[in-house]
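Here is what each chain is made of, one letter per residue.
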Amino acid sequence: MKEFSIFSIWVLLLLLESSSSADDSSVVNPCCYYPCQNSGICVRFGTDDYKCDCTGTGFYGDNCTIPEFWTRVRLLLKPSPEMVHFILTHFQWFWDLINNSFLQDTFMRLVLTGRSKLIPSPPTYNTKYGYLSWESYYNISYYTRLLPPVPLDCPLPMGTKGKPVLPDAKVLTERFFKRKKFRPDPQGTNVMFAFMAQHFTHQFFRTNHKVQGGFTKALGHGVDASNIYGDDLERQHQLRLHADGKLKYQMVNGEMYPPKVSEVPVHMVYPERFPAEQRLAIGQEVFGLLPGLTMYATIWLREHNRICDILKAEHPTWDDEQLFQTTRLIIIGEIIKIIIEEYVQQLSGYLLSLKFDPSLLFNVRFQYSNRIALEFCQLYHWHPLMPDSFLIDGDEIPYSQFLYNTSILTHYGVEKLVDAFSRQPAGQIGGGRNSQEVVLKVAEMVIRESRTARVQPFNEYRKKFNLKPYASFYEFTDDIEMARGLEELYGDIDALEFYPGILLEKARPNGIFGESMVEMGAPFSLKGLLGNPICSPEYWKPSTFGGETGFNIIKTATLKKLVCLNTKWCPYVDFHVPRNEEEAKPRKPSTEL
């Protein structure tokens, strides 16, 4: 009887232990519900408890939802992002007055500070660490990220909402990304812009696809012109002429082009049987893919060597190294100025004339450093820009003849390519169903990488950027069929993934993309551009650039000057298709700027 009682107690204890284990396994990590609002940080305690750290958010309460007094005042006075965008894109007469007065600097400073403060500096999370750690800060092999990953122990892929299995990436892109009919950007963006977007971003978006987990191959996390000079010292030295600060080149029909790989044996990505005479050696190894990229590489090569001649004339005692290094700083300055004043200007649609003047931030709190975020890299996949074919000098060239065809550049010349790309409309990015079939695999890849990195849902990023989360797929898109399809695949708007959300969101009226792309992309972009060391008080002075001549090359840089100072005649060049008949007329050879 005694043995039976002991046995019964032992069985009872086992049952209780088993019951306890079952209960523990059914406990959901409370942070999977994303309870902390207004940038509060969720910290798990025990198995089923959490606390929200509201420090520095301007809110308090269990979930950081109660505004402090001054936060309440600020929220009452602060216009919504939609209202700000409306004001900046309407009232031409008002902005004409602002752009021609001292108030332009004030408004530009507000734009810069308002955007850049949304990006944390120093960086916070990365793919491996969903909490602050020294590794997240110190290991620049990782992309940083704005929000931590979806916790590993959540019951569903996106947290606690949606379907147990995410939709197949290929099905998703075929149904909602694939172009049915080319839809031009209503803002008038052109193919010249599209190729600049690719050329510019490939200096800092260099995902290491061989290693899963959000790693980058880029040594720099910003505008360093590594797409021109190479991303390491060995490649740079192979591309350099080692005389007068210049880069190596070849002459074709009396014009300067990048050298051949046979003469400069740097690693380039070309098809196996690609002709040796057409293999050009460029700073970025994939730029042989598209003639638009080799066109920009050629223009910047010519610009670099042109500036070297200018600096050598002013500084005959300078050696090759100082001429090269100073010219590179000037090139970086030119890039930033053109990107802000023409590229970002075109994207924004703002009537406020954007201005590149680093001194605007000298008296405000600003950190001159930058880390590229995984979210920024993903949202910048703008493949809908690409047309169905390319129209050059009366010829229509399909993708099959355009990809990996560097002979197009030397056959037509830089002038004709610039003129053609500046006149051909690019596609609208937002709204979905506008990606050319040949680039769908890239969208699939981004979606899969996003899942590997466990990127939080689209609505969580809406909140992070002070945007109202969407209540349904029918609010998210004007396309009823798309809304039904997404609801069928995801089950809940709060389970919609970041990248599909950013690309499929309804475009703003007459806009190139939706609200989220503007409000999320602009802070990353402006922080990265103005966070460059050359924009700091220590660098932004004439002596850094070899004197007033070099400084003025930056301060007066435009896309038109960049092209026309490096070509035999000046084509139509802009990031916008011709706005009127006068611009649309064929141009005669001219050296006028």
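Predicted model, so just to flag it, every value in this text is computed and none were measured.

What follows covers the overall build of the protein chain. Of regular secondary structure, the protein chain possesses 24 helices and 8 strands. Taken over the C-alpha trace, the protein chain has a radius of gyration of 27 Å; the compact-globule value for 593 residues is 25 Å, and the two agree within 12%. Considering only C-alpha atoms, the protein chain reaches an extent of 105 × 60 × 55 Å along its principal axes. For the protein chain, the share of sequence-separated contacts (at least 6 apart) that also reach a separation of at least 24 residues comes to 69%. When the accessible surface of the protein chain is split by element, carbon and sulfur atoms take 56% of a total near 27400 Å². Positive and negative side-chain charges of the protein chain, numbering 62 and 67 respectively, have mean locations separated by a distance of 1 Å.

Attention now goes to the environment of glutamate 68. The residue glutamate 68 is located in the loop between strand 4 (66–67) and helix 2 (69–77) in this model. Setting aside residues up to four positions removed in sequence, glutamate 68 forms contacts with Gly58, Phe59 and Tyr60.

A few words now on the packing of aromatic side chains. Inspection of the entire model under this criterion finds 42 aromatic pairs. Taken together, a centroid distance of 4.4 Å and an interplanar angle of 15° make the contact between phenylalanine 193 and tyrosine 343 stacked. Here tyrosine 343 lies in helix 12 (residues 320–348) and phenylalanine 193 lies in helix 8 (residues 191–201), a separation of 150 residues in the sequence. Tyrosine 343 matches phenylalanine 193 in its accessibility class, with the two residues each being buried. A centroid spacing of 4.9 Å and a plane angle of 10° characterise the contact between tyrosine 270 and phenylalanine 274, whose relative ring orientation is stacked. Of the aromatic side chains, those joined through ring pairs into one cluster are Phe193, Phe200, Phe204, Phe205, Tyr343, Phe376, Tyr380, Trp382, Phe465, Phe513, Phe524 and Phe575. Directly above the aromatic system of phenylalanine 324 lies the positively charged group of arginine 240, at a separation of 4.0 Å from the ring centroid.

Attention now goes to unusual backbone geometry. Looking along the chain, the bond that leaves serine 121 and enters proline 122 is cis, with omega of 5°. Of note, proline 122 is situated in the loop between helix 5 (103–116) and helix 6 (134–138). Positive phi outside glycine occurs at tyrosine 34, with the angle close to 50°. Using a relative accessible area of 13% as the deciding quantity, one classes tyrosine 34 as buried. Despite not being glycine, histidine 242 shows a phi value in the positive range, around 60°. Assignment of secondary structure puts histidine 242 in the loop between helix 10 (233–239) and strand 5 (250–252).

What follows covers a nonpolar patch on the surface. Judged by side-chain polarity, Met83, Phe86, Ile87, Phe91, Trp93 and Leu97 come together as a nonpolar surface patch covering roughly 630 Å² of accessible area. Looking at which element gives the most residues to the nonpolar patch, the answer is helix 3 (residues 81–88), with 3 residues. For phenylalanine 91, a relative accessible area of 41% corresponds to the partly exposed category.

So, on to the packing of helix 12 against helix 22 (residues 548–555). For any two helices packed against each other, one specifies the crossing angle of their axes together with the interaxial distance. Running from amino to carboxyl end, helix 12 crosses helix 22 at an angle of 25°, the nearest separation of the two axes being 8 Å. Viewed along their axes, helix 12 and helix 22 adopt a mutual orientation that is roughly parallel. Contact residues: helix 12 offers Leu329, Ile330, Gly333, Glu334 and Lys337, while helix 22 offers Gly550, Ile553, Ile554 and Lys555. Split into classes, the residues belonging to the contact of helix 12 with helix 22 amount to 4 nonpolar, 2 polar and 3 charged.

What follows deals with the side chain of histidine 221. Counting through the fold element by element, histidine 221 comes out in the loop between helix 8 and helix 9 (226–229). Within the structure, the side chain of histidine 221 is placed 2.9 Å from the backbone nitrogen of isoleucine 372, a separation counted as a polar contact. Not counting residues within four places of it along the chain, the set of residues in contact with histidine 221 comprises Ile140, Tyr142, Phe204, Thr216, Asn370, Arg371 and Ile372.

Looking now at helix 5. Taking 1.5 Å of rise per residue, 14 residues should cover 20 Å, and helix 5 covers 20 Å from first to last C-alpha, within 8% of that figure. Residues Gln104, Met108, Val111, Leu112, Arg115 and Ser116 constitute the buried set of helix 5. On an axial view of helix 5, the arc spanned by its buried residues comes to 105°, and they lie on one face. Residues of helix 5 that are buried sit in contact with helix 4 (92–99), helix 12 and helix 21 (515–530).

The next point concerns the state of the cysteines. Evaluation of the coordinates by the stated rule reveals 5 disulfides. Two residues, cysteine 54 and cysteine 64, share a disulfide whose sulfurs are 2.0 Å apart. Because the torsion about its S-S bond is -90°, the bridge between cysteine 54 and cysteine 64 counts as left-handed. Of the two residues, cysteine 54 is situated in the loop between strand 2 (49–53) and strand 3 (59–60) and cysteine 64 in the loop between strand 3 and strand 4; the sequence distance between them amounts to 10 residues. For the pair cysteine 54 and cysteine 64, a shared accessibility class is recorded, and that class is buried. Sequential numbering of the bridged cysteines in the protein chain gives the disulfide pattern 1-4, 2-8, 3-5, 6-7, 9-10.

Now for the pattern of salt bridges. This structure, assessed with the given rule, holds 27 salt bridges. Between aspartate 393 and lysine 416 there is a salt bridge, and its shortest N-O distance comes to 3.1 Å. Taken together, the residues span a long stretch of sequence, with aspartate 393 in the loop between strand 7 (389–392) and strand 8 (395–398) and lysine 416 in helix 15 (residues 407–423) at a distance of 23 residues. The class of aspartate 393 is partly exposed, set by a relative accessible area of 47%. Residue lysine 416 is classed as partly exposed on the basis of its relative accessible area of 34%. Two residues, arginine 462 and glutamate 515, come together in a salt bridge whose shortest N-O distance is 2.8 Å. Linking arginine 462 in helix 17 (residues 458–464) with glutamate 515 in helix 21, this pair joins segments that are 53 residues apart in sequence. According to the relative accessible area criterion, glutamate 515 is buried, its value standing at 13%. What emerges from the salt-bridge pattern is a single network uniting Glu82, Arg115, Arg508 and Glu519.

Where strand 7 and strand 8 come together, 4 bridges link them in antiparallel fashion. Residue pairing for strand 8: phenylalanine 390 is matched across the bridge by isoleucine 397.

Reading the values: rules and limits
Residues numbered from 1 in each chain as written. Predicted model: local features only at pLDDT ≥ 70, side-chain atom pairs only at ≥ 80, totals over all residues. Heavy atoms only, no water. Helix = DSSP H or I, 4+ residues; strand = E, 2+ residues; numbered from the N terminus. Rg over C-alpha atoms; globule rule 2.2 N^0.38 Å. Contact = heavy atoms within 4.5 Å. Areas by Shrake-Rupley, 256 points an atom, 1.4 Å probe, with all protein chains shown as cover. Lys, Arg positive; Asp, Glu negative; His and termini not counted. Charge placed at Lys NZ, Arg CZ, Asp CG, Glu CD. Phe/Tyr/Trp six-rings, centres within 6.5 Å; stacked < 30°, edge-to-face > 60°. Buried < 20%, exposed > 50% of the residue type's maximum accessible area, 1.4 Å probe, protein only. Lys NZ or Arg CZ within 6 Å of the ring centre and 35° of its normal. Patch = residues over 30% accessible without salt bridge, like charges linked within 9 Å, V, L, I, M, F, W, Y side chains within 5 Å. Salt bridge = Lys/Arg side-chain N within 4 Å of Asp/Glu carboxyl O. Axes fitted to C-alpha atoms, helices over the stretch in contact; angles between N-to-C directions. Parallel < 35°, antiparallel > 145°, perpendicular 65-115°, else oblique. Nonpolar A, V, L, I, M, F, W, Y, C, P; charged D, E, K, R; others polar. Polar contact = N/O pair within 3.5 Å; in protein donor to acceptor, adjacent residues only side chain to side chain. Expected span 1.5 Å × (residues − 1). Arc of directions from axis to C-beta. Disulfide = S-S within 2.5 Å. Pairing = 2+ DSSP bridges.

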